[in-house]
Amino acid sequence: MTSWFRRRDHNIFTNATSLLVCGLLAGVVVAAAAFPAAAMTGLAAKAGGKTFANLPSELKEFSSPQITRAYASDGKTQIAVFYDEFRSDVPLKDISPHMQAAILAAEDRKFMEHNGVDLKGVARAFVSNNQGGTQQGASTLTMQYVRMSLAYSATNPQEVIDATEDSPKRKINEMKYALQIEKQLTKEQILERYLNIAPFGNQAYGVFAASQVYFNKKPKDLNAGEAAMLAGMVKAPSSFNPTVPSGLEQITERRNNYIIPAMASMGAITPDEAEKAKKVKIPTKVKQVGRGCAWVAKNHWGFFCDFFTRWWNGQEAFGATTYDRERRLKSGGYRIVTTLDIKGQAGARKQVADRQSDSSPNALLLAGVEPNTGKVRLLATNRKYKLDDSENPKNKMSSDPKKAAKKIRGTHPYTTNPLMTGGGDITGYQAGSVFKIFPIIAALEAGYPLAYPIKAEKQYKSGYIVGPGPATCGGHFYCPKNSGGGGEGLYTMWSAFAKSINTYFIPLQERVGTDKVVAVAKRFGVQFREPNDARMTTKEGGVEQWGAFSLGVTASTPLDMANAYATLAADGKYCVPTPVEQIKTAEGEKIDIGKPHCIQATTKDVARAALDAARCPVGDSAQLGSCNGATAGPTKGIVGHPVFGKSGTTDADKTASLIVGTTKIVVAGYMANPDYPDHKDHMSHPIINPAVQYTVANYMEGKPKVQFKKPGSSKIAYGEQRSIPDVTCDSVSAATNRLEDAGFSVSRGSSIESSCPEGTVAGTNPSGRTVKNGVVVLEISGGKKEDEKPNPNDSSPPRRN
């Protein structure tokens, strides 16, 4: 501590003497100092020694509002700050001695001499105020601290008024509290608290904020001229505001002719240093310290920041109401390490920006989730996180003709809507065939193995009853076709998922039960935000007749589906999506809120088996079965790690999707028009697929290649296997009888070339062995080509194959 800052002698006034003198003065002097006319009223008598002694002297415990800071997962990169008052407490040792001296020079030069109340100052104010001189309040720095403390600890508006109104009663209260505080705290502690609570104008509260706003430096680095300017503002921040001409003139006068000379006379600076301090430039512009998600350091972090704030406002642990929770975020001084992966986020944003303009009505939406934890690692789209300027709008008219007719603008390029995560007006988008994972999981849970065969047709007539439409046949039955119109044949879950065969999955859904499939989707985190979708999930809403559910007709978000697929990579453990790694209070205490909250959504073996099937669509090899195709085949080669996932498209290509996952990250990408689902554009897999694939590849760069685990039992893959009778060259009726007697369902297939007589059975699909009670397709012999017909003189019987 510098020599000018010496501790006062606690024996100058004993506590008893101080109370006695203050009590006597309270009734007359203080009242007169503030309101001279009051000395002539009965107020003086009421506020005498007895009343003074009965006043409270213990301040309520309180914490002044502090800045909350949110960081990326590295714990170093600051994403955003949240505050109502820009303030962050610092210890006295981290505040420049110049600042300490300047505030005393400006507000209380006898701070080191009095015990909280400057009795001589009170008397002086009494004389001056009653003789028509300059009005004086005689408040010490300790009394000012009391005033601000009472305001911050107020629990209702009236307490705020009582703490701040210009009245004799307030002065008396401050005197009593100040005397008590001086007994409890050292001068250094009082000065530290004062500097951290005082207002400095331009949204700066406390010396840390003031140093940042006016000089963009830390409090410990303030020089004498800068400190004197800041100290001069506390008395009247608006009047002494240097950013307006009148304020600049007043603060210059106050600093150079009042505060700096006092600092020199106190011995805090030399005369030469005082002259140099007067020449220090006073800033006429201040640093705008943004707050909230609109002021993130990089704009594309805004959507993650928005997800975080929505998550925070949904946590009951932070308050009973959304208002309470928001206030706590903005005043609690928390240090929050989020789950945002800076490298992964940057890579995702680049992939999106390289493929789709921010001004396009069509949005590329990416969400990345870590399996086993639910930690959200990235959220990226081709939008700027910003509200459009209503006075000078840049957003184009909505692509929805009805909205455009009403002059309603769209959400491109500027929006703050939670496009990837859902909430508010965002209920989601149809995702298409990525939903086919849910009937697979439901079927496995019901005992159907991955090898379960179904003979898929070009068009399947289901038992679901629907209204008139392009997918209706037989009057009122739901009759889906495969994309492109073909796809008939015998499939397992591996091959049907690989080629996305609609006419495999709808009969599978029927056999398992639509309600069971929908229940899986719920367990795996699909939120069903759209009201009609939510109704359809219930028995009353007709869930048993939701025929197209497995084809992805319900609204979902990329975050929903990334997390659903991440549940497979987590051995069936579903974790609620979280944006938080760690939260610390202003005191450095860790709190548990935000830690992964997980449930076992399905068994490990079901998850591992379903994931094995999900390796097929993205060009990886199933460990247990045969894929025989892929809809996003280049994925494995691009990522360079074991992968799983699925692509999807809705009717008329109105949306397109791709999900790609590894053991470390699952990224779901949608391409959709958030403003107008019924648009005429065709969403393109050549755009969405590489955006997802290279985002995953970038995230996995440098990470070890980890193989997925197999189920503990092969039964979930192959079921109970049964031998298929050899019916080669049998008649169709005879072959059918033999196979049905063996417990198989028999279906007649197409004609193939064979050495068997034409019209007989050339073979079966599958052959050898298949699932108990499974489907066996008869392949019918079409005979041999002319040049392959047997010699009529050859009497040997045809060979079975």
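Placed above this text is the structure.
What this report covers is the structure whose coordinates are included nearby.

The rules we used
Along each chain, numbering runs from 1 in the same order as the chain's sequence is written. Restriction of local features to residues with pLDDT of at least 70 applies here, the model being predicted, together with a cutoff of 80 or more for giving and counting side-chain atom pairs; totals for whole chains, interfaces and linings are based on all residues. Based on all heavy atoms of the structure, the side-chain values leave hydrogens and waters out of the count. Working definition: with a 1.4 Å probe on protein chains only, accessible area under 20% of the residue-type maximum means buried, over 50% means exposed, and in between means partly exposed. Secondary structure counts use DSSP, requiring at least four H or I residues in a row for a helix and at least two E residues in a row for a strand, with both numbered from the N terminus. When DSSP finds two or more bridges between two strands, those strands count as paired. Criterion for a salt bridge: a side-chain nitrogen of Lys or Arg within 4 Å of a carboxyl oxygen of Asp or Glu. Sulfur atoms of two cysteines make up a disulfide when they are within 2.5 Å.

A short note on the pairing of strand β27 (residues 775-781)
Next, step 1: A large share of β27 lies buried, amounting to six of its seven residues.
Next, step 2: As defined by bridge partners, strand β24 (residues 745-752) adjoins β27 across six bridges and the pair is classed as parallel. Across the sheet, Val746 pairs through a bridge with Val776, a residue of β27.
Next, step 3: Of the strand pairs in this sheet, strand β25 (residues 761-765) and β27 are connected by four bridges, and their pairing is antiparallel. Looking across to β27, one finds that Val761 is bridged to Ile780.

Some details on the pattern of salt bridges
Next, step 1: The tally for this structure, following the rule as stated, stands at 28 salt bridges.
Next, step 2: For Glu581, the salt bridge goes to Lys375, with nearest N and O atoms at 2.8 Å. On the criterion of sequence distance, the pair formed by Glu581 in strand β17 (residues 580-584) and Lys375 in the loop between β6 (363-369) and β7 (376-381) is long-range, its members being 206 residues apart.
Next, step 3: For Glu581, a relative accessible area of 25% corresponds to the partly exposed category.
Next, step 4: Via salt bridges that share partners, Glu370, Lys375, Arg377 and Glu581 belong to a single interconnected network.

Examining the state of the cysteines
Next, step 1: Applying the stated criterion to the full structure yields five disulfides.
Next, step 2: Disulfide partner of Cys473: Cys479, at an S-S distance of 1.7 Å. What sets the handedness of the Cys473 and Cys479 disulfide is the S-S torsion sign, and at about -65 degrees it is left-handed.
Next, step 3: With its sulfur 1.8 Å from that of its partner, Cys729 forms a disulfide with Cys756. One quick way to see it: the torsion about the S-S bond of Cys729 and Cys756 is about -80 degrees, and its sign makes the bridge left-handed. Here Cys756 lies in the loop between β24 and β25 and Cys729 lies in the loop between β23 (721-723) and α28 (732-741), a separation of 27 residues in the sequence.
Next, step 4: With its disulfide-bonded cysteines labelled consecutively along the sequence, the protein is connected as 1-2, 3-4, 5-6, 7-8, 9-10.

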